[in-house]
Amino acid sequence: MGNNSDGKSPGPSRRDMLKLAGAASTLAGGLAPAEAAPAVKSTLRREALENLSAAEADTLEAFCARLIPTDANGPGAREARAAHYIDHALGGALASSRDSYRSGLMRLDQHARQSRGASFASLAPEAQDAVLTEIEKTEPEFFGLVQQHTIQGTFCDPYYGGNKDYVGWDLISYPGIRLSASPADQALAPHATPVRKSAYDFPMFGRGGAALADHTSAPVDHGQMPQGMGDMRHDQ
Amino acid sequence: MTNNLKKTDVVIVGMGAAGGVAALPLARAGLDVIGLEAGGWLAPADFAPDELRNNFRGWPQAVQKANREIPTHRRSAGAPYSPRPVVHPMMNAVGGTSVHYWAQSWRLNPWDFKVVSATTGRYGAARIPKGSTVEDWPFGLEELERFYDIVEHEVGVSGQAGNIMGKLDPRGNIFEGARAREYPMPPLRGTEFSAMMADAAKTIGLHAFPGPAAINSQFREGRSACMYHGWCDRGGCHVSAKSSTNVSTIPKALATKRLAIVTGAHVKRIEADEKGRVTGVSYSKDGQDYFQPAQAVLLAGYVYENVRLLLLSKSRMFAQGLSNNHGQVGRHYMSHNQAASVLALFPRNINNWYGLPAQGVGVDNWSDDNFDHAGLDFIGGVNLWVMSQRRPIAAASASTFGKAKGWGSDWKAFVMQNADRTHRAYMQKTTLPYEDNYLDLDPEVKDPLGDPVIRITADLKDNEKRVAMFAADKMVDWYKAAGAIAVEKTDVGTMGVTTHAYGGTRMGDNAQTNVVDRWGFSHEAPNLGVVGASVMGTSGSRNPTLTVQALAWRTAQHLAETWKGRTG
């Protein structure tokens with residue numbers, strides 16, 4: 001709460017909210033002000049937000065996009081939909097971090113407004129980087145939390161709503177999930193074609209997979225599947 | 001209201017790596033065994049290759065009783081609490097943590113059984129670190145060898161022998177103690193990376209070898225060979241190649257019709273009578289309370305739960321907790337320092353994207369007392385292990401070795417180039433027991449049933465810190481010989497909640513300093529046996545599970561062989 005200089009409510013003021021609402025409606029109409037362009041150009045249509053407010057989501061989206069930027073080296077956290085992953089997970093596996101996000105994102109935005117005179121999301125990338133460099137020092141815990149979750153959202157199994165179109169896996173040339181790796185797959189030579197599948201695209205981990213794994217050897221391409229796995233439930 | 005169940009011969013508390021093995025010799029001996037397990041059955045369809053779920057979210061949460069009773073930790077009696085992890089590294093399921101363990105299945109080095117006498121004999125008694133409560137085991141490797149042999153075959157272990165009846169074989173670990181015969185299966189396949197590391201070891205005079213793994217390297221006993229796809233780390237095997245007890249010894253025990261497993265059973269107390277004998281086990285399942293009477297009880301939880309259940313089980317004869325009239329329950333606690341490691345950066349991709357922790361090469365030249373400690377200021381050592389394993393989130397979270405900022409375009413460019421060029425060694429180091437490293441019940445933190453959780457009071461001492469520094473230097477040498485262009489040592493750390501905990505119900509002949517006798521039975525309650533790493537008096541510098549399983553088999557077999565005397 002270090003940057004909350006008025007010492008009152010930790011939430012954004014009504015004026016801030018109105019300003020943000022104005023900005024959002026401008027964006028929705030496709031008339032983005034020039035300085036906001038870097039933050040919004042690939043996400044004109046907003047996804048449903050499950051846990052964050054629209055203002056929080058804009059701040060987070062901009063934050064993630066600076067951690068793993070879209071640049072000359074290709075897509076980054078924005079294209080991977082890391083912020084979308086985080087928003088969704090804050091209602092489930094990351095629920096214990098929800099308050100940290102709310103207060104942390106608010107402090108980040110307040111800091112941007114106080115020191116740079118504009119919302120964090122509307123700052124130019126260089127100014128965002130400068131603000132984040134400051135936040136990294138003053139709020140290492142919050143910064144680390146967002147960084148950790150941005151990496152998760154960029155490189156996780158796409159089932160979780162991040163790593164969209166496998167942009168994270170492509171970024172690091174991950175050859176993909178295989179259910180069996182041959183000696184050639186483990187050679188020092190590079191992989192020819194990456195597999196681009198979620199774990200849950202494989203039949204044995206999809207719907208009905210429990211039954212499938214008991215009775216078929218379909219998911220593996222050598223060796224033999226054990227038989228009778230389904231019979232071993234000798235509960236009292 | 002408590003439901004009193006029909007009396008059985010033996011109740012085993014926990015159907016994991018230890019209990020799942022102990023059940024087999026008992027059932028084969030014709031004893032009726034009931035296995036109480038807090039978790040449930042899991043099957044291959046549960047073992048999706050999902051890094052986020054397995055490695056970050058403590059899968060599978062729903063069945064993990066352990067996650068609701070995570071121990072607290074402080075470095076010393078006066079120190080503040082360390083941050084409490086949100087996920088317990090161990091899990092509840094039929095098969096226990098052997099479902100998602102790395103399956104490295106080592107025998108201890110002969111030195112580990114006689115640290116006091118061997119150290120005194122070679123360097124003098126002054127070399128036993130001050131404050132250490134270490135004792136020689138009540139027997140040597142020779143005694144445990146045949147039980148190692150049994151479990152290697154019954155569980156299913158792949159490996160390359162390095163010493164058969166004293167004849168050394170350089171393809172294996174030439175520092176291992178003598179074994180009667182080869183492993184039942186050849187070692188897991190090597191990789192080009194592991195071959196590169198083995199070659200590098202040779203150039204600096206080290207002996208690299210493939211390690212033993214409880215994973216099928218070939219089709220055996222109806223189970224598939226390893227698919228090398230990775231995902232062993234916190235994941236079960238999708239083809240049951242991993243010899244987790246739920247697919248190895250437990251099905252064999254069930255086939256005798258002498259073992260019945262109760263899943264979802266939360267054991268609360270072990271009951272004892274006025275003569276100081278245990279009478280059975282109280283547990284709850286689906287909101288109902290049960291009492292399962294038995295002639296003998298084998299406690300087979302993880303180290304923390306074994307100690308906790310004994311301390312919670314107070315009675316007139318055991319006012320300080322079951323088998324604790326000498327105040328030894330919770331003492332002689334140890335855990336491997338797995339934190340202090342070395343990271344390396346190579347100038348080329350090393351293709352570690354597939355493979356598993358047990359697929360690699362080890363170096364034992366700096367382990368145990370395999371080298372002369374005369375000019376050194378510590379005893380013990382390290383097993384250096386390099387493996388083939390990489391997952392995307394972990395790869396993107398690796399160090400930038402000071403070559404790039406931690407985020408932004410610089411970071412992204414670094415990760416794009418180096419995601420498959422980093423490596424982290426796995427280095428297990430000797431830890432000794434000390435007077436002031438112990439487990440007890442936390443005075444404040446409780447589980448959902450209102451019972452206190454375990455409190456760990458432990459920190460690494462000078463000997464352990466010196467081992468860690470020495471080990472890191474040796475690993476740096478190895479990486480540099482293999483062509484690493486940058487290396488980084490990680491912090492020494494402390495002794496928080498871990499997968500490699502030892503002690504708390506130590507085994508030994510002296511009832512004043514040990515909880516169980518040389519057979520694993522309580523010095524105070526003769527029909528109570530304890531299996532698990534809690535009975536181990538030294539940590540060794542390698543994974544504990546095979547030793548745990550050899551001891552479990554030995555204790556169970558002894559119970560069957562001395563049935564009338566133990567239970568009469």
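Criteria and cut-off values
- Residues numbered from 1 in each chain as written.
- Chains lettered and ligands numbered in written order.
- Predicted model: local features only at pLDDT ≥ 70, side-chain atom pairs only at ≥ 80, totals over all residues.
- Helix = DSSP H or I, 4+ residues; strand = E, 2+ residues; numbered from the N terminus.
- Rg over C-alpha atoms; globule rule 2.2 N^0.38 Å.
- Buried ≥ 20, exposed ≤ 12 C-beta atoms within 10 Å, placed from the backbone.
- Contact = placed C-beta atoms within 7 Å.
- Axes fitted to C-alpha atoms, helices over the stretch in contact; angles between N-to-C directions.
- Parallel < 35°, antiparallel > 145°, perpendicular 65-115°, else oblique.
- Nonpolar A, V, L, I, M, F, W, Y, C, P; charged D, E, K, R; others polar.
- Core = buried A, V, L, I, M, F, W, Y, C linked by C-beta atoms within 7 Å.
- Pairing = 2+ DSSP bridges.
- pLDDT = per-residue confidence, 0-100.
- Expected span 1.5 Å × (residues − 1).

### Observations regarding the overall build of chain B
Here is step 1: Helix and strand content of chain B: twelve helices and 22 strands.
Here is step 2: By the compact-globule yardstick of 24 Å for 568 residues, chain B fits well, its C-alpha radius of gyration being 23 Å.
Here is step 3: Principal-axis analysis of the C-alpha atoms gives chain B an extent of 70 × 55 × 50 Å.
Here is step 4: Relative to its 568 residues, chain B shows a buried fraction of 61%.
Here is step 5: Long-range contacts, defined here as pairs at least 24 residues apart, represent 75% of the contacts in chain B between residues at least 6 apart.

### Details of the overall build of chain A
Here is step 1: Across its full length, chain A holds ten helices and zero strands.
Here is step 2: Scored against the burial criterion, the 236 residues of chain A give a buried share of 41%.

### With respect to the packing of helix H3 (residues 54-67) of chain A against helix H7 (residues 125-138) of chain A
Residue and element names in this part refer to chain A.
Here is step 1: It is the contact of H3 with H7, at a shortest axis distance of 10 Å, that shows an interaxial angle of 90°. By the angle class used here, H3 and H7 are roughly perpendicular. Across from Ala62, Phe63 and Arg66 in H3, the residues of H7 making contact are Pro125, Gln128, Asp129 and Leu132.
Here is step 2: A class-by-class count of the residues in the contact of H3 with H7 yields four nonpolar, one polar and two charged.

### Notes on the interface of chain A and chain B
Here is step 1: Each partner contributes residues to the interface: chain A has 53 residues there, and chain B has 54 residues.
Here is step 2: Counting residues per element, the ones that place at least two in the side of chain A that touches chain B are H3, helix H8 (140-155), helix H9 (167-171) and helix H10 (209-215) of chain A.
Here is step 3: The element best represented in the side of chain A that touches chain B is H8(A), accounting for four residues.

### Concerning the nonpolar core
Residues and elements named next belong to chain B.
Here is step 1: Ile12, Val13, Ala22, Ala23, Val297, Leu298 and Ala552 are the most contacted members of the largest nonpolar core, which totals 181 residues.
Here is step 2: Here this core takes eight residues from helix H11 (residues 545-561), the largest share from any one element.
Here is step 3: Residues Phe193, Ala208, Val382 and Val386 belong to the second largest nonpolar core, which totals 36 residues.

### Section: the pairing of strand S11 (residues 288-299) of chain B
All names here are of chain B.
Here is step 1: Judged from the three bridges that link them, strand S1 (residues 2-4) and S11 form a sheet pairing that is parallel. Among the inter-strand pairings, Asn4 is bridged to a residue of S11, identified as Phe291.
Here is step 2: As paired elements, strand S2 (residues 8-13) and S11 share five bridges and run parallel to each other. Paired with Val10 across the bridge in S11 is Ala296.
Here is step 3: In terms of strand pairing, strand S10 (residues 278-285) meets S11 through six bridges, oriented antiparallel. From the neighbouring strand, Lys285 faces S11, where its bridge partner is Gln288.

### Concerning the environment of B:Ala511
Residues and elements named next belong to chain B.
Here is step 1: Looking at the element boundaries, Ala511 is found in the loop between strand S21 (501-502) and strand S22 (528-530).
Here is step 2: Between the C-alpha atoms of Ala511 and His326, which are 185 residues apart in sequence, the distance is 7.6 Å.
Here is step 3: Sequence-distant contacts of Ala511, defined by excluding residues within four places in its chain, comprise His326 and His523.

### Focus on the confidence of the model for chain A
Here is step 1: Residues with a pLDDT of 70 or more make up 69% of chain A, whose mean pLDDT is 78.
Here is step 2: Below pLDDT 50 for its whole length, residues 213-236 of chain A participates in 53 contacts with residues either more than four positions away or in separate chains.

### Things to note about the environment of B:Asp451
Residue and element names in this part refer to chain B.
Here is step 1: Tracing the chain through its elements places Asp451 in the loop between strand S18 (438-446) and strand S19 (452-457).
Here is step 2: Here Asp451 falls in the partly exposed class, since 16 other C-beta atoms lie within 10 Å of it.
Here is step 3: Through-space distance from the C-alpha of Asp451 to that of Glu69 is 9.0 Å; in sequence the pair is 382 residues apart.
Here is step 4: Setting aside residues up to four positions removed in sequence, Asp451 forms contacts with Leu312 and Lys446.

### Here we look at the sheet that holds strand S13 (residues 342-345) of chain B
Residue and element names in this part refer to chain B.
Here is step 1: Judged by pairing direction, the sheet is antiparallel, and its three strands sit side by side in the order S16-S13-S20 without closing on themselves. Taken across any chain shown, the strands that pair with only one partner, and hence form the sheet edges, are strand S16 (422-424) and strand S20 (486-489). Across the sheet, the mean angle from the axis of one strand to that of its neighbour is 15°, orientation sign disregarded.
Here is step 2: In this structure, S13 lies alongside S16, joined through three bridges in antiparallel fashion. The partner of Leu343 across the bridge, within S16, is Arg424.
Here is step 3: Contacts from helix H10 (residues 462-481) reach S13 and S20, with the element oriented near 15° to S13.

### Here's the deal with the environment of B:Gly565
Here is step 1: Tracing the chain through its elements places B:Gly565 in helix H12 (residues 563-567).
Here is step 2: Sequence separation of B:Gly565 and B:Ala45 is 520 residues, and the distance between their C-alpha atoms is 45 Å.

### Section: the packing of helix H4 (residues 141-156) of chain B against H11(B)
Think of two packed helices as two axes; the pair is described by the angle between the axes and how far apart they sit.
Residues and elements named next belong to chain B.
Here is step 1: Interhelical geometry of H4 versus H11 gives an angle of 105° and a closest axis separation of 8 Å. Our classification of the angle between H4 and H11 gives roughly perpendicular. Across the interface between the two elements, Leu144, Phe147, Tyr148, Ile150, Val151 and Val155 from H4 touch Leu546, Gln549, Ala550, Trp553 and Arg554 from H11.
Here is step 2: For the contact of H4 with H11, the class distribution of residues is nine nonpolar, one polar and one charged.

### Examining H8(A)
Here is step 1: In this model H8(A) runs 22 Å from its N-terminal to its C-terminal C-alpha over 16 residues, within 8% of the 22 Å that 1.5 Å per residue would give.
Here is step 2: Within H8(A), burial applies to A:Phe143, A:Val146, A:Gln147, A:His149, A:Thr150, A:Ile151, A:Gln152, A:Gly153, A:Thr154 and A:Phe155.

### What to know about unusual backbone geometry
All names here are of chain B.
Here is step 1: Not every positive phi belongs to a glycine, and Asp286 is a case in point at roughly 50°.
Here is step 2: Assignment of secondary structure puts Asp286 in the loop between S10 and S11.
Here is step 3: Note on Asp286: 7 C-beta atoms within 10 Å, which makes it exposed.

### Comments concerning the sheet that holds strand S17 (residues 426-429) of chain B
Residue and element names in this part refer to chain B.
Here is step 1: Taken together, the four strands give an open sheet; going across it, the order is S7-S14-S15-S17, and neighbouring strands pair in antiparallel fashion. Taken across any chain shown, the strands that pair with only one partner, and hence form the sheet edges, are strand S7 (208-210) and S17. Neighbour to neighbour, the strand axes of the sheet diverge by 25° on average, direction disregarded.
Here is step 2: Pairing of strand S14 (residues 360-363) with strand S15 (residues 382-387), which is carried by four bridges, proceeds in the antiparallel orientation. Paired with Gly360 across the bridge in S15 is Met387.
Here is step 3: Against the sheet, helix H5 (residues 192-203) makes contact with S7, S14 and S15, and its axis sits at roughly 20° relative to S14, the strand it touches most.

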